[in-house]
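# Structural overview
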Amino acid sequence: MIGIVDYGMGNLFSVSKALERMNVPYIISDNKEQLAHAEALILPGVGAFRDAMKLLNETGLASFITEQVQKGKPILGICLGMQLLFEESEENGLHKGLGLLNGRAVHFSGKDQDGSSYKVPHMGWNKLDFHKQSPLTEELKEDHVYFVHSYYITEHERDTLIASADYFGEVPAVVGKEKVFGMQFHPEKSGDLGVKLLQNYTRYVKSMEVLK
Amino acid sequence: MLAKRIIPCLDVKEGRVVKGIQFLELRDAGDPVELARAYDEQGADELVFLDISASHEGRETMVDVVQDVASELAIPFTVGGGIKTLQDMKRLLRAGADKVSLNTSALLDPQLIKAGADYFGSQCIVVAIDAKWDESIGTWRVYTHGGRNPLDKEAVAWAKEAVDLGAGEILLTSMDSDGEKKGFNIALTKAISEAVSVPVIASGGAGQSEDFTEVFTDGKADAALAASIFHYKETSIAEVKAHLKEEGVNVR
């Protein structure tokens, strides 16, 4: 069973429907005991970094997630949920994240190398470039996925980058280190490839259980 | 780089898809969920649902339509039409819409854009603009209430104001071109796209594949919306995309 962390910010409906279509059991919960029973977590997120971290801290879900990850539970952060996995974000001033991955979220500058302006948010379908092997991208082909974000991850460790997209520079799109994963785009809104990426995560979770 | 988006638009009235010409003469065009599924399969990058129901029951039906669409589709979609309050936005976004589109209500109360953007984030807030050329002022004028009421407002200025208030995208309909199938309004689209820092969806006038190429290259649109040519199968999304690819436009 997958535990979708409900902290009041996130497109929970779409993520849960995507799991339903794949016949993957899940719960949506803000209850730590319930989530502790899940084999893996999904941390969704739409909105602002500061508000999200505030809610996660107030509810104690931040320390709960960290503990669970230290115990070896897989987690997948989606969109803002991925950014929350990192050390900090500069959205609305500097704010600390969960610190499960090294790196920080910064705003797209909105100016290219020649000083011409480009559009922010990075919104729409962009193509993934795969960088290294990962259970998440296993047997998948590079294709387009749906992004909507104004901040992107930088200063990350090079070997955590599984896939990136090109938007006036390299934008980390799929990241992963040990059992901590993140997708900057919305797999639940990314057609076939998105479904397959989510499927690979749930398959990975299952394989982890078999190993136990 | 980002792919240019092709967006079929479904005008929904009391739970059915309808389509008119220059906002009049409505014809039945099918079941919204069925059409949505078909467009997803054909490669639509996104969908827009405009709720043109007048009755309260029609509005309730719309929330069900949104939920059904969100349950079955894995592409983003926007819902617009008759959204007047933060509460309306909340209901539709909770039902599974990715974005809401504001038109008349945003013009009557521009602070609604800010309230929505502050609460849900700019990426959820689309501002739809219905614009028509006005010879007397030498530019495009904004209309409310589905193109019925002219305002003392100029389209480019309003687009900028909406973005300053927090609009994350502009859905721009040329009333002069709508339903005529003679191509998008390139001058209007270009003027707005160059004036704002957010993506612009061009709407009104799509008749053939070449029109899409033109609106992306000359019109500088980020996305293009069409209804009847797709509903009545005059062309398909695949056909439009194949043409765009040939012309060197980046599509999914």
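Residues numbered from 1 in each chain as written. Chains lettered and ligands numbered in written order. Predicted model: local features only at pLDDT ≥ 70, side-chain atom pairs only at ≥ 80, totals over all residues. Heavy atoms only, no water.

As annotated in an unreviewed UniProt entry, chain B carries the name Imidazole glycerol phosphate synthase subunit HisF and is attributed to Jeotgalibacillus campisalis. Check the Sequence similarities (unreviewed entry) section of the UniProt entry for chain B; it says "Belongs to the HisA/HisF family." What UniProt states about chain B under its Catalytic activity (unreviewed entry) heading is, verbatim, "5-[(5-phospho-1-deoxy-D-ribulos-1-ylimino)methylamino]-1-(5-phospho-beta-D-ribosyl)imidazole-4-carboxamide + L-glutamine = D-erythro-1-(imidazol-4-yl)glycerol 3-phosphate + 5-amino-1-(5-phospho-beta-D-ribosyl)imidazole-4-carboxamide + L-glutamate + H(+)". (UniProt positions renumbered as here; feature names shortened; annotations may be inferred.)

An unreviewed UniProt entry lists chain A under the name Imidazole glycerol phosphate synthase subunit HisH, with Jeotgalibacillus campisalis given as the organism. What UniProt records for chain A under Pathway (unreviewed entry) is the sentence "Amino-acid biosynthesis; L-histidine biosynthesis; L-histidine from 5-phospho-alpha-D-ribose 1-diphosphate: step 5/9." As recorded by UniProt, the Function (unreviewed entry) comment attached to chain A reads in full: "IGPS catalyzes the conversion of PRFAR and glutamine to IGP, AICAR and glutamate. The HisH subunit catalyzes the hydrolysis of glutamine to glutamate and ammonia as part of the synthesis of IGP and AICAR. The resulting ammonia molecule is channeled to the active site of HisF."

## Some thoughts on the overall build of chain B
Counting its regular elements, chain B contains 10 helices and 12 strands. Taking 252 residues into account, the globule formula puts the C-alpha radius of gyration at 18 Å, and chain B, at 17 Å, falls close to it. Overall, chain B is about 45 × 45 × 40 Å in size when its C-alpha atoms are taken along their principal axes. The proportion of buried residues among the 252 residues of chain B is 60%. Restricting the contact set of chain B to residue pairs at least 6 apart, pairs at least 24 apart contribute 65%. Surface exposure of chain B reaches about 9,900 Å², of which carbon and sulfur atoms provide 48%. Each charge sign in chain B was given a centre, from 27 positive and 41 negative side chains, and these centres are 2 Å apart. (Helix = DSSP H or I, 4+ residues; strand = E, 2+ residues; numbered from the N terminus. Rg over C-alpha atoms; globule rule 2.2 N^0.38 Å. Buried < 20%, exposed > 50% of the residue type's maximum accessible area, 1.4 Å probe, protein only. Contact = heavy atoms within 4.5 Å. Areas by Shrake-Rupley, 256 points an atom, 1.4 Å probe, with all protein chains shown as cover. Lys, Arg positive; Asp, Glu negative; His and termini not counted. Charge placed at Lys NZ, Arg CZ, Asp CG, Glu CD.)

## Some thoughts on the UniProt feature "active site" (unreviewed entry) in chain B
All names here are of chain B. When the UniProt feature table is mapped onto this chain, "active site" (unreviewed entry) is found at Asp-11 and Asp-130. Position of Asp-11 among the secondary structure elements: in strand β1 (residues 5-13). A relative accessible area of 13% means that Asp-11 is categorised as buried. Position of Asp-130 relative to the elements: it lies in strand β7 (residues 125-134). A polar side-chain atom of Asp-130 sits 3.1 Å from a polar atom in the side chain of Asn-103. (Polar contact = N/O pair within 3.5 Å; in protein donor to acceptor, adjacent residues only side chain to side chain.)

## Notes on the sheet that holds strand β5 (residues 88-89) of chain A
All names here are of chain A. A sheet is described by the order of its strands in space; here 4 strands give the open sequence β6-β5-β7-β11, paired in mixed fashion. Edge positions in the sheet fall to β6 (95-96) and β11 (151-154), since each has one partner strand and no second. With 2 bridges connecting them, β5 and strand β7 (residues 104-107) associate as parallel partners. Counted as the bridge partner of Glu-88 is Arg-104 from β7. (Pairing = 2+ DSSP bridges.)

## What about the interface of chain B and chain A?
Between chain B and chain A, the contact holds 34 residues from the first and 25 residues from the second. With both sides pooled, the region where chain B packs onto chain A buries about 2,300 Å², and carbon together with sulfur makes up 58% of that total. Our enumeration of links across chain B and chain A arrives at 2 salt bridges. Close ionic contact of Lys-189 of chain A with Asp-98 of chain B constitutes a salt bridge, the shortest N to O distance being 3.0 Å. On inspection of chain B and its partner chain A, the count reaches 12 residue pairs in polar contact (both at pLDDT 80 or more). Counting residues per element, the side of chain B that touches chain A draws most heavily on helix α2 (residues 56-72) of chain B, which supplies 4 residues. In terms of residue class, the side of chain B that touches chain A is built from 16 nonpolar, 8 polar and 10 charged. (Buried area = accessible area lost by both parts, 1.4 Å probe. Salt bridge = Lys/Arg side-chain N within 4 Å of Asp/Glu carboxyl O. Nonpolar A, V, L, I, M, F, W, Y, C, P; charged D, E, K, R; others polar.)

## Section: the environment of Arg-158 of chain A
All names here are of chain A. Looking at where Arg-158 falls in the secondary structure, it is placed in the loop between β11 and β12 (161-166). Exposure remark for Arg-158: the relative accessible area of 52% places this residue in the exposed category. When the C-alpha atoms of Arg-158 and His-131 are compared, they prove to be 9.8 Å apart, with 27 residues separating the residues in sequence. Apart from residues lying up to four places away in sequence, Arg-158 is in contact with His-131 and Glu-170.

## Regarding the pattern of salt bridges
Opposite charge on two side chains permits pairing when their charged atoms draw close. Residues and elements named next belong to chain B. Taken as a whole, this structure holds 25 salt bridges over all chains when the rule is applied. Residue Lys-241 pairs with Asp-45 through a salt bridge whose shortest N-O separation is 2.9 Å. Note that Lys-241 is positioned in helix α10 (residues 237-246) and Asp-45 in the loop between α1 (32-42) and β4 (47-51), a separation of 196 residues in sequence. For the pair Lys-241 and Asp-45, one class covers both residues: buried. Its salt-bridge partner being Glu-169, residue Lys-99 comes within 2.9 Å of it at the nearest N-O pair. Within this pair, whereas Lys-99 is found in strand β6 (residues 99-102), its partner Glu-169 is found in strand β10 (residues 169-174), the two being separated by 70 residues in sequence. Members of the salt-bridge network, linked through shared partners, are Arg-5, Glu-46, Lys-99 and Glu-169.

## As for the side chain of Arg-141 of chain B
All names here are of chain B. Considering the arrangement of structural elements, one finds Arg-141 in strand β8 (residues 139-144). On the basis of relative accessible area, Arg-141 is assigned to the buried category, the value being 14%. A polar atom in the side chain of Arg-141 sits 2.6 Å from the side chain of Asp-134. With residues up to four places along the chain from it excluded, the contact list for Arg-141 reads Asp-130, Ala-131, Lys-132, Asp-134, Ser-136, Pro-150, Leu-151, Asp-152 and Lys-153.

## Overview of helix α3 (residues 49-58) of chain A
Residues and elements named next belong to chain A. Listed as buried for α3 are Phe-49, Ala-52, Met-53 and Leu-56. Burial along α3 is one-sided: seen end-on, the buried residues are contained in an arc of 95 degrees. Relative to its buried face, α3 has exposed residues pointing more than 90 degrees away, namely Lys-54 and Glu-58. Contacts from the buried residues of α3 go to β3 (40-43), α4 (61-70), α5 (80-84), β5 and β6. (Arc of directions from axis to C-beta.)

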